[in-house]
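Below are the chains, spelled out letter by letter.
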2 protein chains.
Amino acid sequence: MNKRLGSRTLRFGAPPSLLSWASVAGEMEDRGRLRGRFDLVYEDVSLKEKSWEKAECRMQQDALALAAKKAGFEKTRLDALFAGDLINQCIISSFGAAALGVPFLGVFGACSTMAESLGLAGVFIDGGFGQYAGAVTSSHFCTAERQFRMPVEYGGQRPPSAQWTVTGSGAVLLGAHQKPPYLTHACFGTIVDAGITDANNMGAAMAPSAFETLRGFFSDTKTTPADYDCIVTGDLGTIGSQILRDLFQEEGVTLGERYWDCGASYFTPEQDTHSGGSGCGCAATTLCAQLLPELADGRYRNLLFAATGALMNPTSVQQGENIPGICHLLCFSR
Amino acid sequence: MNKRLGSRTLRFGAPPSLLSWASVAGEMEDRGRLRGRFDLVYEDVSLKEKSWEKAECRMQQDALALAAKKAGFEKTRLDALFAGDLINQCIISSFGAAALGVPFLGVFGACSTMAESLGLAGVFIDGGFGQYAGAVTSSHFCTAERQFRMPVEYGGQRPPSAQWTVTGSGAVLLGAHQKPPYLTHACFGTIVDAGITDANNMGAAMAPSAFETLRGFFSDTKTTPADYDCIVTGDLGTIGSQILRDLFQEEGVTLGERYWDCGASYFTPEQDTHSGGSGCGCAATTLCAQLLPELADGRYRNLLFAATGALMNPTSVQQGENIPGICHLLCFSR
């Protein structure tokens, strides 16, 4: 079977099964639109650890342990773990997995990391390199704020285009083809530089990459948005998701109500997060708390999950460099 | 064919071909043991770019362009590019690949990134997901020093156990099984925490992970060091590589002269780099400037390349956290 469609879409030969998934999040996230859907909610997002970084590590460990428990097996049975986060040198994922004793593959795709990790886990399983693989990613408001912007205690003001880093982690376990739901396709994105330099407007920086990947996937698979029950982008936020709608509309394609964005819909308007949620945890927890449960329950026949990432660091922003975007897409079906 | 051996070793079904490779480095590196072997040497490691980061980006672009030229094809023909570096949020690799227009997979394994990238490229190709894939990594003394330690201009003193970040980049292009040399096995490592907290003693932090991965690989493949013509670790340096020899010796296994370390042997004693070279570029340029050329020329029948990484960032070190290590191993043969 040809596993490649068109210029870049991968079609899994024996689509890997989504064996289980789990999400953990902070209490602010649990006051948002996903209220009541997380597997574990932390009232205190320090998790009583001595640093925010240790707290975020434990979130990844908790998400993975919960997913393993649901699948009914030891997490040490994994043949590979693909993991990533936003913190410098991906220490959250490395430290989080240090005690696991399973082959570890560190991945970086900014906020697109969940789609990249899970897509690579699919390549690993469908390629015949193992029976079980895991993907886990996270973000934490307090680790991200002080690293990318300013210490939380400063209470710095944020412009309306800014997004709010989600405190949460999602984990998914994949297994060789057995039972639905399945991961059927992956479309790894190219880097798209739209010329944005404003680190407080990530949505605009990422929207063109989401457009590029989605359009490429539709072209490769000879499908249209109408062929999917649900199309979700990662964390474009209110501004970026409107740009994506506009880009498709300019080509005469209406995304309509089947399309929505994890970031734009994560928090309620009263939570005053400006342009919405962001961070690796935003798309990852939405996937594990809402999308996969609804797919498994039969609400959707299929689902496109297009996680987006803004490629920058504080040094590159200070140097006046553009912020390129990337978008990795996964297609799931029952 | 079973692609899995023992607990963790992957045996490629139709081993991917190493189509071409290239290395670029600074003039100090060219005064070391690899003198005259690099494809391109920069007299001025700023590459006349306006930042060290832009210089390092261009090094990756140059290495990839040179490898593509040797293979006789456009680098835009790649079905996937796996890339990583040491700089926060992997901006070197992202920015370096921004103009390429090929599916991009960001990878982070600290100084083990070349083995992780190339191993994943092998999984991608042998899994049937594409015809051609690339792996590129780099490090630059000046981007790394100011990020991990202190601005270069300070001229800070370094203890004898410290290593020197190599300024260089290596790129390898893999293709579906065609002609030797081949990538025959990959063994992705687990994270090993040996309790080291001294960021100036990375060799000691990484040696136990190299031991763990090599020992696991020998066990999975039922081979011994004597079955390989050359066994090379990434950048354990003089201290770490001696620890690795000692760990094997304690089990009655002598690594002997077939074993050496890229970091320990990179610079000459007169270059006064203390415990040797390090950085993603250390193992990557040694692979592309020496190991693969010598394998292709028939000097070795086979070769083990075990790149090592120290998992930390300046925040984690300041917080007193341990520095876990990871080692990813690749086996090449003619």
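Per chain, residues are indexed from 1 in the order of the written sequence. Just so you know, chain letters begin at A and ligand numbers begin at 1, following the order they were written in. With pLDDT at 70 or above as the cut-off, local features in this predicted model cover only qualifying residues; side-chain atom pairs require 80 or more to be listed or tallied, and sums for whole chains, interfaces and linings still use all residues. Only hydrogens and water are removed before side-chain values are computed, so all heavy atoms of the structure are retained for them.

**Regarding the overall build of chain A**
Secondary structure follows DSSP: runs of H or I at least 4 residues long count as helices, runs of E at least 2 residues long count as strands, and numbering of each begins at the N terminus. Broken down by element type, chain A carries nine helices and 15 strands. Against the compact-globule benchmark of 20 Å for 334 residues, chain A has a radius of gyration of 18 Å, which places it among compact chains. Its C-alpha atoms give chain A principal-axis dimensions of roughly 55 × 50 × 35 Å. In chain A, buried positions account for 67% of the 334 residues. A contact between two residues is defined here by any heavy atoms of the two lying within 4.5 Å. The long-range fraction of contacts in chain A, counting pairs at least 24 apart against all pairs at least 6 apart in sequence, stands at 77%. Using a 1.4 Å probe, accessible areas were evaluated by the Shrake-Rupley method; residue-level cover was limited to the displayed protein chains. Of the accessible surface of chain A, which amounts to about 10900 Å², a share of 48% is contributed by carbon and sulfur atoms. Side-chain charges of chain A comprise 27 positive and 34 negative groups, with the mean position of each set lying 7 Å from the other. With the radius of gyration taken over C-alpha atoms, the globule rule is written as 2.2 Å times the number of residues to the power 0.38. Buried means the residue's accessible area, taken with a 1.4 Å probe over protein chains only, is under 20% of the maximum for its type, while exposed means over 50%, and partly exposed covers the values in between. The charge count treats Lys and Arg as positive and Asp and Glu as negative. His and the chain ends do not count. The location of each charge is read from NZ of Lys, CZ of Arg, CG of Asp or CD of Glu.

**Some points on the relation of the copies chain B and chain A**
In summary, the two copies of the chain are related to each other by a rotation about an axis coupled with a shift along it. Overlaid copies result from least-squares superposition on C-alpha atoms, with residues included only where pLDDT is at least 70 in both. Between the two copies, chain B and chain A, the superposition gives an RMSD of 0.0 Å; the rotation angle is 180° and the shift along the axis is 0.0 Å. A rotation of that kind, with that shift, is consistent with a two-fold axis. Proximity to the rotation axis, assessed at the C-alpha, singles out Gly127 of chain B in chain B; its C-alpha lies 1.9 Å from the axis.

**Observations concerning the nonpolar core**
Only buried residues count toward a nonpolar core, which is a set of Ala, Val, Leu, Ile, Met, Phe, Trp, Tyr and Cys residues joined through side-chain atoms within 4.5 Å. In this structure, Phe305 and Phe332 of chain A together with Phe305 and Phe332 of chain B are the most contacted members of the largest nonpolar core, which totals 107 residues. Once you skip the residues sitting within four places of it in the chain, Phe305 of chain B turns out to touch Met114, Ala115, Val232, Ala283, Leu287, Leu291, His328, Leu329, Leu330 and Phe332 of chain B. By size, the runner-up hydrophobic cluster in this structure holds 59 residues, among which are Met59 and Phe73 of chain A together with Leu64 and Ala97 of chain B.

**Things to note about the environment of Gly309 of chain A**
Position of Gly309 of chain A relative to the elements: it lies in strand 14 (residues 302–310). Its relative accessible area of 0% is what places Gly309 of chain A among the buried residues.

**Digging into the packing of helix 1 (residues 52–71) of chain A against helix 4 (residues 141–148) of chain A**
Residue and element names in this part refer to chain A. The axes are straight lines fitted to the C-alpha atoms, using for helices just the contacting stretch, and the angles between their N-to-C directions are given from 0 to 180°. Two elements in contact, helix 1 and helix 4, have axes separated by 8 Å at closest approach and are oriented at 135°. As far as their axial angle goes, helix 4 and helix 1 are oblique. For the element pair helix 1 and helix 4, the recorded crossing hand is left-handed. Facing Trp52, Glu53 and Glu56 of helix 1, the residues of helix 4 in contact are Cys142, Thr143 and Arg146. Classes in brief: Ala, Val, Leu, Ile, Met, Phe, Trp, Tyr, Cys and Pro nonpolar; Asp, Glu, Lys and Arg charged; the others, Gly included, polar. When its residues are assigned to classes, the contact of helix 1 with helix 4 shows two nonpolar, one polar and three charged. Between 65 and 115 degrees an angle is taken as roughly perpendicular, under 35 as roughly parallel, over 145 as roughly antiparallel, and anywhere else as oblique. By definition, turning the near helix anticlockwise from the far helix through less than a right angle yields a left-handed crossing, and turning it clockwise yields a right-handed one.

**Description of the packing of aromatic side chains**
Only Phe, Tyr and Trp rings take part, Trp by its six-membered ring, and two of them pair if their centres are within 6.5 Å. Stacked means planes under 30 degrees apart, edge-to-face means over 60, and tilted covers everything else. In the structure shown here, the tally under the stated rule is 24 aromatic pairs over all chains. Between Phe129 of chain A and Phe12 of chain B, the aromatic rings sit 5.7 Å apart at their centres with planes inclined by 70°, giving edge-to-face as the arrangement. You can see Phe129 of chain A sitting in the loop between helix 3 (113–126) and strand 7 (132–139) and its partner Phe12 of chain B sitting in the loop between strand 2 (9–11) and strand 3 (17–26), one on each of two chains. Judged by its relative accessible area of 2%, Phe12 of chain B falls in the buried class.

Distances and angles like these do not, on their own, reveal function.
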